Amino acid sequence: MLIYMSNATQEGAPMSLHSVSVAGVVVREDGRVLVIRRADNGAWEAPGGVLELDERPEDGAAREVLEESGVKVDIVRLTGVYKNMERGVVALVFLCRPVGGQEQTSSESVDVRWFTPDEVRSHMVEAYAVRVLDALKSGAAPVRAHDGQRLLSGE
């Protein structure tokens, strides 16, 4: 995991450590969304992972979707910025459209499916479902904070 240190520190306070991740919300023409069941914790999520140091965010999202699901994508737009306050992870989420490949599992995914928005709501924890549901909306990309499970107040 890449860790970035902030130069801005308050007197006597430790430096902030964060990692940056990317995810792709891949939407088919029928409105279904690509999701993976993670191998490490069994959770359903949009495919994604840590952004590499020498990589543009859009390229990282496309790479992670392909690695975890076998689906090749084109990036459409940024749909949200999310911070896990418990882990210090900032996630950039992109709307994507599938352009090739074939659904398959990987060392990081034990299942790959196409969910309806209702299935997203019922199978994913709030902090990750909101990323998918935000991507399906038009308008400005929201900035949200969560604790790994639930959105924090004001969301």
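What counts, and at which threshold
Residues numbered from 1 in each chain as written. Predicted model: local features only at pLDDT ≥ 70, side-chain atom pairs only at ≥ 80, totals over all residues. Heavy atoms only, no water. Pairing = 2+ DSSP bridges. Helix = DSSP H or I, 4+ residues; strand = E, 2+ residues; numbered from the N terminus. Contact = heavy atoms within 4.5 Å. Axes fitted to C-alpha atoms, helices over the stretch in contact; angles between N-to-C directions. Phe/Tyr/Trp six-rings, centres within 6.5 Å; stacked < 30°, edge-to-face > 60°. Buried < 20%, exposed > 50% of the residue type's maximum accessible area, 1.4 Å probe, protein only.

(A) Region of interest: the sheet that holds strand 8 (residues 109-115). If you trace the three strands from one edge of the open sheet to the other, you get 4-3-8, paired in antiparallel fashion. The open sheet terminates on both sides in strands that have one partner only, identified here as strand 4 (44-45) and strand 8. For strand 3 (residues 33-38) and strand 4, the ladder comprises two bridges, and the chain directions are antiparallel. Bridge assignment links arginine 37 to a residue of strand 4, and that residue is tryptophan 44. Here helix 1 (residues 57-69) sits on the sheet in contact with strand 3 and strand 8, set at roughly 65 degrees to strand 3.

(B) A look at the packing of aromatic side chains. The tally for this structure, following the rule as stated, stands at one aromatic pair. On the basis of an interplanar angle of 50 degrees and a centroid distance of 5.0 Å, the ring pair of tryptophan 44 and phenylalanine 115 is categorised as tilted. Here tryptophan 44 is found in strand 4, whereas its partner phenylalanine 115 is found in strand 8, with 71 residues between them in sequence. One exposure class covers both tryptophan 44 and phenylalanine 115, and it is buried.

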